[in-house]
Number of protein chains: 2
Amino acid sequence: MASLLRAAATLGLFPRRGYCSRGAQGELSKGFVEALKAVVGSSHVSTAAAHREQHGHDESMHRCQPPDVVVWPQNVEQVSRLAALCYSQGLPIIPFGTGTGLEGGVCAVQGGVCINLTHMDRILKLNPEDFSVVVEPGVTRKALNTYLRDSGLWFPVDPGADASLCGMVATGASGTNAVRYGTMRDNVLNLEVVLPGGRLLHTAGLGRHFRSGLWPETHRLMAGHLPSVSPGSRKSAAGYNLTGLFVGSEGTLGLITAATLRLHPVPEATVAATCAFPSVQAAVDTTVHILQAAVPVARIEFLDEVMMDACNRHSQLNCPVAPTLFLEFHGSEQALAEQIQRAEEIAGHNGASLFSWAKEAEERRRLWAARHSAWYAALALRPGCKGYSTDVCVPISRLPEILVQTKEDLKASGLTGTIVGHVGDGNFHCILLVDPEDTEEVRRVMAFGEQLGRRALALHGTCTGEHGIGLGKQQLLQEEVGAVGMETMRQLKAMLDPQGLMNPGKVL
Amino acid sequence: MASLLRAAATLGLFPRRGYCSRGAQGELSKGFVEALKAVVGSSHVSTAAAHREQHGHDESMHRCQPPDVVVWPQNVEQVSRLAALCYSQGLPIIPFGTGTGLEGGVCAVQGGVCINLTHMDRILKLNPEDFSVVVEPGVTRKALNTYLRDSGLWFPVDPGADASLCGMVATGASGTNAVRYGTMRDNVLNLEVVLPGGRLLHTAGLGRHFRSGLWPETHRLMAGHLPSVSPGSRKSAAGYNLTGLFVGSEGTLGLITAATLRLHPVPEATVAATCAFPSVQAAVDTTVHILQAAVPVARIEFLDEVMMDACNRHSQLNCPVAPTLFLEFHGSEQALAEQIQRAEEIAGHNGASLFSWAKEAEERRRLWAARHSAWYAALALRPGCKGYSTDVCVPISRLPEILVQTKEDLKASGLTGTIVGHVGDGNFHCILLVDPEDTEEVRRVMAFGEQLGRRALALHGTCTGEHGIGLGKQQLLQEEVGAVGMETMRQLKAMLDPQGLMNPGKVL
């Protein structure tokens, strides 16, 4: 099929870009914009400069590259028709959620049609006994957890921003809870995906709707029914793992229009703590020892002294300005007492000076709000500057080495930067502040990021633990996976998107 | 690339099967067997009927279909050369581990070359601080855990048989510990794969060897160095998830020649228990309630009264003949006491009559040996008969319904069968005993398995939670994933194996 499409494209059987969708100046033709309006309604299509600008960048320092047009579909049927329309006209398709990515994943490097999925924001089905929920792409992680408040369940994956859940699927996001609850890779049970040509794929099966004959795909797409993603069993060995293929594909293989996510029981009790250390090494050693002692820590986050200082100021905390761990433990009251005791013993053994416990919900909320605001706290260090958050991950034994090296590199580079990370996973960020007008500084920041990525690779790590490749890390990806890995990824892309129109210029 | 290869095959640019590798009667040519011997040494190639028979079947009732020849490579270089040789001659390649599969995954349906990987059985690198280990394909799960005995770490995935770890990767195996520690999908960090044409892919990156220039692939393959799979970071968002693509691919996409696996700390204390219930519903309700109460149960296994009776006889247990749960809890002494108390409360609330605790290691070992011997205990119910173990998985809320239906179906069918399963995952097996000479009974067994698969699909489940599709469940897979899912899987297969030579006739 892929080869047929490629062949057809070569033979000119598809209208090429500009064939009828663009005018003489490269602008979108009126006819094409009308066709988009016919699909989603004219109030859900915009070519206004402000909308295009707003959709041409994320929170990173990658420069804004606006799409030609932004559309807001209301349901999966419309997404499918939009994809088919763009594909028939050879126009790039860029999926858009909350725009909170950090590697330029939404930049419209070749222009095209930005599909903003945030109007599809229903929670379609909660299956409390099965610990699962089906959400549309516009539901954010906080909205889901607010919805779940009285269910005894929660969804733990928490990147800093209040990102959309399907955007988190697309980038393979994780966050502070991953050490205990896993990343998006571990918490997605099934996906509904609109493939580039408009067809609908259910990565882990359709559930009974398909089989009962009540809801064949064509009928469903015509009728515009609610998406139906099956609740999904906890595990499966049926055929190739298509779900895993789309998690982390960064919008380059298809549009995710619904996801079945795994939920977890709310712990009976929760305690958080901060703990200051005499050195980076001591903080990381504590992390490794806590994991080795099988203490089921729920969060274990590292902040260097610069980051701690910034958080103190930005979030009115009063922590010592030192390498610090933020920890959280989940369990029964009794289990917590034991976890806390062990963690204190291990930290004390590694020279921790101060262990400050936050047992009340409000106190904990304040602490984690501060942690989740680290990005903004760092930005406040140099008002008016942009931030660039690098993201690498190494085997945990190599963490002390790379953190110490990175702090030295930071000093040597003369750049302003903080270090913060999910050390229980070996994953950390270096947030660099940069004046976007200072091209020399921008160059130094990029060089620093690349050097850090190479350091991680040299230590058997990865150039990104959670932000993805996007625009910024394509060279590093090549170095990481090698020639055969790259060719396999290129084959996958060509197979699912033979015209190369899904979020072009990203990942590969 | 895939399309080019397909086109080349269509045009006859590849030697086709029989071109020079087979004689007039379809037998392998002497020249080809000599070529195999030149790669692995003549003592590691066999065309003896006994070897071929032994490699033509697994533990299932699928009939033996022997390969033309069996080879035992000693290292990854040889595997690569064998794959290239077979591919150039258009001969099927069938990877073979311990032959303990349950869906006919090793049957050589088109003859060809069986590659027995069990001579590659080194544990290449243990990274205790990173909780990971790199193994060659012949290392079995028990051998690994014996090796790890004094390390404070263990590998929890435990299908019944002492399967090879890379075979477990290939089938996406799981077992009794999956409810707490996940399946193979969750415990593989990196894979070294020989692709059908002989090239080497590292699914999660090469580690520094590649980048340092010390170990480029060609040099390495010529020199026959040790495989080098990077220890792997705990998480990654770098490009498409190639590791996930090969876990569960059943040998149809490539040969797995090394795997980096995730290890877990050995729990400080362990307690097991058995508990008899008045009904299937009561046992399953107990399971759901234990999970909802966030009791971190490590194992929770269901045995129906027929299975319990068979295990009592086969393994000299003395349990009541009733629907039974086998449970295990891992944690500190203190945490265990609390887990046990909660489990007893919940089970008591659901009418459990007898809770019998096994606190001593020897007692526990006996209990779990009995559980792992369930297959053989069932076989002993009808000596001389073959077993067929079906395997389905449903959302846990649908378990009572499907278990009750299945027991009624069993009664109505007149077949002998037992039910046993990993109910914490919604996964269970029905082991049917069948006289392979009685074609009518074989037909009834197959019909029963298909009906059970459809029941699981109708309840939003999957036709296989851990055994895989193999030869037996291809129709059910189609019903499960639908037309677009099947086409996507077929595209994946054609992309990586354009000639269709890797374990042909399986999965798709």
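Computed from a prediction, not measured in an experiment: that's the story for all the values here.

The subject of this paragraph is the nonpolar core. If you look at the biggest cluster of nonpolar residues, it comprises 188 residues, and the most contacted ones within it are Leu144(A), Met184(A), Leu261(A), Leu144(B), Met184(B) and Leu261(B). When near neighbours in sequence (up to four residues on either side) are disregarded, Leu144(A) contacts Ile123(A), Val133(A), Val135(A), Val139(A), Phe155(A), Leu165(A), Leu261(A) and Leu263(A).

Moving on, we come to the sheet that holds strand 4 (residues 113-116) of chain B. All names here are of chain B. Ordered by their spatial adjacency, four strands build an open sheet running 1-2-4-3, and the pairing between neighbours is mixed. Looking along the sheet, the strands with just one partner apiece sit at the ends: strand 1 (45-46) and strand 3 (93-96). Pairing between strand 1 and strand 2 (residues 69-71): two bridges, direction antiparallel. If you follow Ser 46 over to strand 2, its bridge partner there is Val 70. On top of the sheet, helix 4 (residues 76-89) reaches strand 2, strand 3 and strand 4; it is set at about 150° to strand 3, its chief contact.

Residue and element names in this part refer to chain B. The strand order 5-6-10-8-9 describes an open sheet built from five strands, whose pairing is antiparallel. With partners counted over all chains shown, the strands left at the sheet margins are strand 5 (123-127) and strand 9 (200-202), one partner each. Strand-to-strand twist of the sheet, defined as the mean angle between neighbouring strand axes without regard to direction, takes the value 10°. Across the sheet, helix 4 touches strand 8 (188-194), strand 9 and strand 10 (255-262), and the angle it forms with strand 8 is around 50°.

In this section: the relation of the copies chain A and chain B. Mapping between the two copies of the chain is achieved by a rotation about an axis and a shift along the axis. Rotating chain A by 180° and translating it 0.0 Å along the rotation axis places it on chain B, where the RMSD comes to 0.0 Å. Taken together, these values place the two copies in the relation of a two-fold axis. Comparing interface residues between copies, 100% of those in chain A also lie at the interface in chain B; the contact surface is shared.

In this section: the pattern of salt bridges. Oppositely charged side chains can form a pair if their charged atoms are brought close together. Residues and elements named next belong to chain B. Throughout the structure, instances matching the rule amount to 49 salt bridges over all chains. Here Arg 81 and Glu 77 are joined by a salt bridge, their closest N and O atoms 3.7 Å apart. Of the two residues, Arg 81 and Glu 77 are both situated in helix 4; the distance of four residues between them amounts to about one turn of the helix. On the basis of relative accessible area, Arg 81 is assigned to the partly exposed category, the value being 39%.

Scanning all chains against the criterion turns up eight aromatic pairs over all chains. Considering the side-chain rings of Phe355(A) and Trp357(A), the 4.8 Å spacing of their centres and the 25° angle between planes classify their relative orientation as stacked. On the accessibility criterion, Phe355(A) (21% relative accessible area) is partly exposed. Judged by its relative accessible area of 18%, Trp357(A) is buried. Pairing Phe326(B) with Trp368(B) gives two aromatic rings, centres 6.0 Å apart and planes at 80°, and the pair type is edge-to-face. Highlighted residues: Phe326(B) in strand 14 (residues 324-331) and Trp368(B) in helix 15 (residues 361-372), separated in sequence by 42 residues. Its relative accessible area of 0% is what places Phe326(B) among the buried residues. In textbook terms, an aromatic cluster arises when at least three aromatic residues are bridged by ring pairs, as seen for Phe329(A), Phe355(A) and Trp357(A). When the ring centre of Trp368(A) is taken as reference, the NZ or CZ atom of Arg299(A) above it lies at 4.1 Å.

Residue and element names in this part refer to chain A. Side chains Ile 93 and Pro 95 project from strand 3 (residues 93-96) onto one buried face, and the interleaved Ile 94 and Phe 96 project onto a second face that is buried too. Pairing of strand 3 with strand 4 (residues 113-116), which is carried by four bridges, proceeds in the parallel orientation. Bridge pairing in strand 4 links Ile 93 to Val 113.

Time to look at the interface of chain A and chain B. In this complex, chain A contributes 101 residues to the contact, which on the side of chain B involves 101 residues. Carbon and sulfur atoms supply 55% of the area buried between chain A and chain B, which totals about 8,100 Å² over both sides. For the chain A face of the interface with chain B, the top three residues by lost area are Lys235(A), Tyr240(A) and His460(A), together amounting to 12%. Inspection of the region where chain A meets chain B yields 10 salt bridges. Between Glu268(A) and Arg342(B) there is a salt bridge, and its shortest N-O distance comes to 2.5 Å. Here chain A is connected to chain B by 30 residue pairs in polar contact (both at pLDDT 80 or more). Its residues placed into classes, the side of chain A that touches chain B shows 42 nonpolar, 37 polar and 22 charged.

Moving on, we get to the pairing of strand 4 of chain A. Within a regular strand, side chains alternate between the sheet's two faces. All names here are of chain A. Residues of strand 4 alternate between two faces, with Val 113 and Ile 115 on one and Cys 114 and Asn 116 on the opposite face, all of them buried. Relative to strand 4, strand 2 (residues 69-71) is paired through three bridges, and the arrangement is parallel. Note that in strand 4 the partner of Val 70 across the bridge is Cys 114.

Reading the values: the criteria
Residues numbered from 1 in each chain as written. Chains lettered and ligands numbered in written order. Predicted model: local features only at pLDDT ≥ 70, side-chain atom pairs only at ≥ 80, totals over all residues. Heavy atoms only, no water. Core = buried A, V, L, I, M, F, W, Y, C linked by side-chain atoms within 4.5 Å. Buried < 20%, exposed > 50% of the residue type's maximum accessible area, 1.4 Å probe, protein only. Contact = heavy atoms within 4.5 Å. Pairing = 2+ DSSP bridges. Helix = DSSP H or I, 4+ residues; strand = E, 2+ residues; numbered from the N terminus. Axes fitted to C-alpha atoms, helices over the stretch in contact; angles between N-to-C directions. Least-squares fit on C-alpha atoms with pLDDT ≥ 70 in both. Salt bridge = Lys/Arg side-chain N within 4 Å of Asp/Glu carboxyl O. Phe/Tyr/Trp six-rings, centres within 6.5 Å; stacked < 30°, edge-to-face > 60°. Lys NZ or Arg CZ within 6 Å of the ring centre and 35° of its normal. Buried area = accessible area lost by both parts, 1.4 Å probe. Polar contact = N/O pair within 3.5 Å; in protein donor to acceptor, adjacent residues only side chain to side chain. Nonpolar A, V, L, I, M, F, W, Y, C, P; charged D, E, K, R; others polar.

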